[in-house]
Structure formats: C-alpha cells, structure tokens
Amino acid sequence: MKMKKLILTAAFAAITMAAGAQSLNVSSAFQNMRKGYLNKAKAEIDAACLHDATKDDAKTWCYKALIYARIGGEASNKKSKFKDLAPDWAEQAYQAALECKRLDTQNEWAKEVNEVFSYVGQDFYVRSSEAYNSRNYPEAMQLAEKSTEMFNNAGQAQFASDALFIAGLSAYYQHDTASIKKYFNNLTRKRTDKNIVYVTLFAIYKAEGDNEQAMKIANTYVRNCKNDPNAYLLQADGYFLSGNVDKGSENVEKALELSKADTANYPKVLVQAGSLLDESARNYEAAEAKFRESMELQPTQFGAYYNMGKMLYNRAVDKNTAAIAVDPFSDEGGLIDKLVGESKTLFGQSIEYFEKAVAYIDGLATDEAKNAHRADLANTLDALANAYARIDKLDEAKATRARLEQLVK
C-alpha cells in the first residue's frame, strides 16, 4: 500500500509541476507577445492549448486569441519578419476566441475576447468587400458570412448587418435564391432600411406564386421604414397582386405624398408610381397622368419617356395578340381590323417617347454617363425599331436596327 501511495503521490507531484510549467508558458507567451517576440509567443501558447493542464482554461484561449490577432497585425506589413508566421491567423484567433467564450462562464475575459471578435470580423469584412468588388461572389459570400458571425459574437449588430448585406448581394449576383432568402430575410428582421432587400425578396416570392409571403415582406418594409415612399409602392404592388386595387391606389398616393417635398427625387417617384399603375394595376389612364406630371417637372430625363413609350408599346402588342386570337371566319363585325388599327395607333404613339428617351441618352455630357445607360439605350432602340416597322416606317426601322447592332457588338 505504501508503495502504491508513493507512486500516486509522485504522479500527482509530476502533474502539479507540469501544470505549473504550463501556466508559466501561458504567462510567458503573453509577455513575449507584449515584447514583440511573436514566434516565441506562438510556440508557447500553441503548446499550452494542447496540454491537459491548461487546455481547459479560458485564459489560455484568450491569450491565444490575442496573440494570433497580434500576428495578424503584422501580416500586412511586408517588412515584418512575422508577416508569414501564421497565414491562418484570423481563423485561429476566431476559434480561440470562441473556445475562450465557451469556457469563460464568469465572463472574466469577455472584453478582450470581444475585441478579438471585432478585430477579426473587420479583417473578414475587408476581404469580403475586396472579393465582392472583384466580382468573386462565392468567396465574398463565404467571407461575409464569417464576418457576420464574428461581429455578432462581438455584439456589434450594425457591423454584422453590413457584412450580411454583402453576403446577400453576393448571393443575388450568383442567382442563389435560397441564400438570398436566408441573408435578406435576416436583414428584414434587423430592420434594415435598404430598399433592394425588400424589393428582391418581394420579387422572388411573387415569381414563386407565394403572394402571401410577398405581402408580408411589403408590410415589414412599411413597418421598418415608415417614411420611405418605396415601402408604400411595394405594399401597393402587394395589394394590386391580391386584387385590392383601391388599397393599392391609396398606397401609391401615400408614396407620392411622402416624396413630394423632395423636388429632386419626386419626378422619379412619379415614374415608379406610373410603372406600377401600368404593369400591376393596368390603370393606363392613371399611369399616363403620372408619367406626364414627371415630364412636366423634369422635361429632360429618361425614365418617364421610356416608360410611357413602353406602356403604349406593350398595349399595342396586346391589341395585336388579341387580333390574332380572333377567328377570321367568324369576324363579321370586323374586330380584327379594329384591333390591328388600334395596335398601329399605339405603336405610332410610342415612337415619340422612345425617340425622346434616346435623345436624352445621346445628349449626356460624358462617355461615362452614356455608358451607364448602355443597356437602357439598347432596350429603347430595339423597341423603337420594332415600332417603326409596325407602322411601315421601314427606312427608320432599318437605320435604328443598324445602330442597335453597332451598339451591341
């Protein structure tokens, strides 16, 4: 028994000494970090994180998080001898901070760990922004999601929302509907004021035939952004979708009322309202009134002229389609001729507005401004060429088509 007891005591003494040594290593690692001996600090803290005596101590992981964050501070310094010491410093610091948070039941190290979460979150955010600007959307989305997690752990809600927005935009440009829903729905719960979030979600649910969910998004937009005219326009679209034309029209007027004082933006809101009344409510008279009011307030623009032309053009196409659907053998009242005539009239009326839309782009002062409207110009020229052809202005149609072909080369 005595031998056994002696052996156990010796083993206990060995553990005690090892624990003391490792505890010294933890403190030494931190001191070496403060002195700038990052290679020594890294080696000591890595050993401490693996050792049975210290691997379950929150302080060990806090020091690792701080040391690796400090290494990260050297990573961007090309002259630093430690710039390549830990290429994965950000992930290492993050995981260490998470482990410290798990073990730190008394929140003794919360301040230090939150600083690491924030610091590393910023690194991931910058990298996600760079990837996004380079159109590397898969990488941007992955980095932004990580950044969101880090900022959430740091308790920095606004920064987390900013990162989440990059993730959502990256998903948007990848046409990743599931991820768009995930990120953008999260942002609506965070009361984001970004119009594209609500408009994109609304369009997705509308395309999926989920009108109820689309309306919920519109309602959330109004609730989160009570003074945003776009919120009421989206809600109006939801009402039109459900067949509630009166309520939708009320919302259109509410949007215009909210934006009227903003003289610079009001003509644009009128165009949005007109487009909504045209496409969703099929109230062509009301839509035309909005387009004309916008033109009066801002005679030089693209939106009102193009959308007025588009409305007339699409109505002409509808008339032509209706004419084709009539049985010629039973058309005793001449309905076909009537519809074809109305179609040509509408095509003819659209030309004036398409021409003015083209003239606006042609009159822009710089090539940069013109290039920004390149897609708009292509769409307008295509519609204009077709409208010319429909009313037998074949020379004009040919010239316009030639210009379009030159534009899209």
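Residues numbered from 1 in each chain as written. Predicted model: local features only at pLDDT ≥ 70, side-chain atom pairs only at ≥ 80, totals over all residues. Heavy atoms only, no water.

**Examining the overall build of the protein**
Keep this limit in mind: Under the DSSP-based scheme used, a helix requires at least four consecutive residues in state H or I and a strand at least two consecutive residues in state E, with every element numbered from the N terminus. We compute the radius of gyration over the C-alpha atoms and compare it with the globule rule, which gives 2.2 Å times the number of residues raised to the power 0.38. Note on classification: 1.4 Å probe, protein chains only; a residue is buried when its accessible area is under 20% of the maximum for its type, exposed when over 50%, partly exposed between these limits. In this analysis, two residues are considered to be in contact whenever any of their non-hydrogen atoms come within 4.5 Å of each other. Shrake-Rupley sampling with a 1.4 Å probe provides the accessible areas, and residues are treated as covered by the protein chains on show and by no other component.
Helix and strand counts for the protein come out as 19 helices and zero strands. Against the 2.2 N^0.38 benchmark of 22 Å for 409 residues, the protein shows a C-alpha radius of gyration of 32 Å, more extended than a compact globule. On the principal axes, the C-alpha backbone points of the protein span a range of 120 × 50 × 45 Å. Every one of the 409 residues in the protein was classed for burial, and the buried ones make up 43%. Considering only contacts in the protein between residues 6 or more positions apart, those separated by 24 or more positions represent 55%. Per element, the accessible surface of the protein, about 22300 Å² overall, is 51% carbon and sulfur.

**Observations regarding the side chain of Ser350**
Take Ser350: it is sitting in helix H16 (residues 335-362). Note on Ser350: relative accessible area 0%, which makes it buried. Ignoring sequence-local partners within four residues, the contact set of Ser350 consists of Gly309, Leu312, Tyr313 and Ala387.

**Details of the packing of aromatic side chains**
How we decide: Each aromatic pair joins two rings of Phe, Tyr and Trp (for Trp, the six-membered one) with centres within 6.5 Å, and gets the label stacked for planes under 30 degrees apart, edge-to-face for over 60, and tilted for any other angle. The criterion for a charge sitting over a ring is simple: Lys NZ or Arg CZ within 6 Å of the ring centre, and within 35 degrees of the ring normal.
If you walk through the whole model with that rule in mind, you get 15 aromatic pairs. Ring geometry for Tyr132 versus Tyr173: centroids 6.3 Å apart, planes at 55 degrees, classification tilted. One end of the pair, Tyr132, is in helix H5 (residues 110-133); the other, Tyr173, is in helix H7 (residues 157-173), and 41 residues separate them in sequence. Classification of Tyr173 as partly exposed rests on a relative accessible area of 42%. With centroids separated by 5.2 Å and ring planes inclined at 20 degrees, the aromatic side chains of Tyr137 and Tyr173 adopt a geometry described as stacked. Of this pair, Tyr137 sits in helix H6 (residues 137-154) while Tyr173 sits in helix H7, and the two are 36 residues apart along the sequence. What makes Tyr137 buried here is its relative accessible area of 14%. Within the aromatic cluster, the residues linked to one another by ring pairs are Phe302, Tyr306, Tyr313, Phe347 and Phe354. Above the plane of the ring of Tyr37 lies Lys40, whose end atom (NZ or CZ) is 5.2 Å from the centre. Its end group placed over the ring of Phe165, Lys194 keeps NZ or CZ at 4.9 Å from the ring centre.

**Some words on the confidence of the model for the protein**
Note the cut-off: Confidence of the prediction at every residue is given by pLDDT, a number between 0 and 100.
Taken as a whole, the protein shows an average pLDDT of 92; of its residues, 94% reach a score of 70 or greater. No element of the protein has a lower mean pLDDT than helix H1 (residues 2-35), at 56, and none a higher one than helix H14 (residues 284-297), at 98.

**Digging into the pattern of salt bridges**
Put simply, the rule reads: Think of a salt bridge as a Lys or Arg side-chain nitrogen and an Asp or Glu carboxyl oxygen that are within 4 Å of each other.
With the rule as written, the count across this model stands at 19 salt bridges. Note that Glu99 is salt-bridged to Arg102, the shortest N-O span being 2.6 Å. With Glu99 and Arg102 both in helix H4 (residues 89-103) and three residues apart, this pair spans about one turn of that helix. Asp382 serves as the salt-bridge partner of Arg401, at 2.8 Å between the closest nitrogen and oxygen. Placement of Arg401 in helix H19 (residues 394-407) and of Asp382 in helix H18 (residues 374-390) is noted, with a sequence separation of 19 residues between them. For Asp382, a relative accessible area of 32% gives the class partly exposed.

**A short note on H7**
Test applied: Multiplying 1.5 Å by the helix residue count minus one yields the expected span of that helix.
For H7, built from 17 residues, the straight-helix expectation of 24 Å at 1.5 Å per residue is met to within 8% by its first-to-last C-alpha distance of 24 Å. Turning to H7, its buried residues number three or more, namely Ala160, Ser161, Ala163, Leu164, Phe165, Ile166, Ala167, Gly168, Leu169, Ser170 and Ala171. Of the surrounding secondary structure, the elements contacted by the buried residues of H7 are H5, H6, helix H8 (177-189) and helix H9 (195-207). Looking one or two residues past H7, His175 carries a phi angle of roughly 60 degrees, positive in sign.

**Observations concerning the nonpolar core**
Keep this limit in mind: For our purposes a nonpolar core is just a set of buried Ala, Val, Leu, Ile, Met, Phe, Trp, Tyr and Cys residues, chained together by side-chain atoms within 4.5 Å.
The biggest cluster of nonpolar side chains holds 76 residues, and the ones touching the most others in it are Phe184 and Val252. Excluding residues within four positions of it along the chain, Val252 makes contact with Leu233, Ala236, Phe240, Ala273, Leu276 and Leu277. Formed by 37 residues, the second largest nonpolar core is a distinct cluster that contains Ile45, Tyr63, Val113 and Val120.

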